[in-house]
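The residues making up each chain are set out below.
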Amino acid sequence: MSLVDRKVALAAVVGGLLLGSLDFVWIKFVPYPLAELGNSTATWAIAAFFFGWWVRSGWLRAALGAAVLLVLAVPSYYLAATLIQGDDLAIVWGKTALLWMLLGVLTGLVFGVGGVWARAEGWRAVVGLALPAAVLLEEATRFALRLRDPSYSSELAWNVAIDVALALLLVALLGRTHRQRALALAVSLPMAAVVLVAFAVFGAAV
């Protein structure tokens, strides 16, 4: 294993352990509506994206590292839950945790590559840049749909606004030209629709 591979592997392991545990701490102690960013699949997907963005030295290395990052974040999250609020330790290896790990593999592979692509040129840069915006817009859509349900609070509008603002901010900061930013936002919309359908299927499985 090369020095670069060891560095990426170490970052994936340490990053995964920190992501899961700190994510639960964020949910537990940060006030609403910002606490919802911890309880966010988009946040984890974007973590995988930035892992790929940081690696930048090959899409395969970034994809595998990002997948490890998200897989390890799952038991780390549930372990933090057992330590902080006394949840049953069995949740660390339960069915729900295993399903989230499977989703972590798929998400890590896609978003790890997306982070590398976002530094590239041409259509790869557009697709890579569109990915984090897409998951945020998908999540904003789910919050918006819940606003129609009287069993949910109208304060969910704050979560919609936060996700949309973050999507626009990421595209603005990471995009290199106005044209690239505009194309990335346009591409992110159908991507968000695909993610929305995928989460509906995954939610039914969970």
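In case you missed it, the structure is sitting above this.
Please read all numbers here as calculations on a predicted model, not as lab measurements. (Residues numbered from 1 in each chain as written. Predicted model: local features only at pLDDT ≥ 70, side-chain atom pairs only at ≥ 80, totals over all residues. Heavy atoms only, no water.)

**Side note on the packing of helix H4 (residues 95–117) against helix H5 (residues 122–146)**
Each pair of packed helices can be described by the angle between their axes along with the distance between the axes.
In step 1: Remark: H4 packs on H5, axes separated minimally by 7 Å, with the N-to-C direction vectors making an angle of 130 degrees. Taken as axis vectors, H4 and H5 run oblique relative to one another. Note on packing geometry: the crossing formed by H4 with H5 is left-handed. In this structure, H4 contributes Val110, Phe111, Gly114 and Trp117 to the contact, and H5 contributes Trp123, Arg124, Ala125, Val127, Gly128, Leu131, Pro132 and Val135.
In step 2: The residue makeup of the contact of H4 with H5, split by class, is nine nonpolar, two polar and one charged. (Axes fitted to C-alpha atoms, helices over the stretch in contact; angles between N-to-C directions. Helix = DSSP H or I, 4+ residues; strand = E, 2+ residues; numbered from the N terminus. Parallel < 35°, antiparallel > 145°, perpendicular 65-115°, else oblique. Left-handed = near helix turned anticlockwise from the far one by under 90°. Contact = heavy atoms within 4.5 Å. Nonpolar A, V, L, I, M, F, W, Y, C, P; charged D, E, K, R; others polar.)

**Here's the deal with the packing of aromatic side chains**
In step 1: Under the counting rule described, the total for this entry stands at seven aromatic pairs.
In step 2: Judged by centre distance (6.3 Å) and plane angle (75 degrees), the rings of Trp44 and Tyr77 are edge-to-face. A residue pair is termed long-range when its members are at least 10 positions apart, and Trp44 in helix H2 (residues 41–55) and Tyr77 in helix H3 (residues 59–85) qualify at 33 residues.
In step 3: Look at Trp44 and you get buried, because its relative accessible area is 15%.
In step 4: We classify Tyr77 as buried; its relative accessible area is 19%.
In step 5: Measuring from ring centre to ring centre gives 5.3 Å for Phe49 and Phe50, while their planes differ by 85 degrees; the resulting arrangement is edge-to-face.
In step 6: Residue classification places Phe50 among the partly exposed positions, given a relative accessible area of 31%.
In step 7: Through successive ring pairs, a cluster of aromatic residues spans Phe24, Trp44, Tyr77 and Tyr78.
In step 8: Above the face of the Trp53 ring, Arg119 is positioned so that its terminal group lies 4.1 Å from the ring centre.
In step 9: If you follow Arg124 out to its NZ or CZ, it ends over the ring of Trp117, 5.8 Å from the centre. (Phe/Tyr/Trp six-rings, centres within 6.5 Å; stacked < 30°, edge-to-face > 60°. Buried < 20%, exposed > 50% of the residue type's maximum accessible area, 1.4 Å probe, protein only. Lys NZ or Arg CZ within 6 Å of the ring centre and 35° of its normal.)

**Examining the nonpolar core**
In step 1: Trp44, Phe51 and Phe111 are the most contacted members of the largest nonpolar core, which totals 44 residues.
In step 2: Looking at this core, the elements that each hand over two or more residues are helix H1 (3–29), H2, H3, H4, H5, helix H6 (156–174) and helix H7 (178–205).
In step 3: Excluding residues that lie within four positions of it along the chain, Phe111 makes contacts with Ala45, Ala48, Phe49, Leu131, Pro132 and Val135. (Core = buried A, V, L, I, M, F, W, Y, C linked by side-chain atoms within 4.5 Å.)

**Some thoughts on the side chain of Asn159**
In step 1: In this structure, Asn159 sits in helix H6.
In step 2: Other than its neighbours up to four places away in sequence, Asn159 contacts Tyr32, Pro33, Glu36 and Phe143.

**Comments concerning the pattern of salt bridges**
In step 1: Enumeration over the complete set of coordinates arrives at two salt bridges.
In step 2: One salt bridge in this structure joins Arg142 and Glu138, with 2.5 Å as the shortest N-O distance. Remark: Glu138 and Arg142 occur in helix H5; sequence separation between them is four residues, near one turn of the helix.
In step 3: Glu138 sits in the buried class, given a relative accessible area of 1%. (Salt bridge = Lys/Arg side-chain N within 4 Å of Asp/Glu carboxyl O.)

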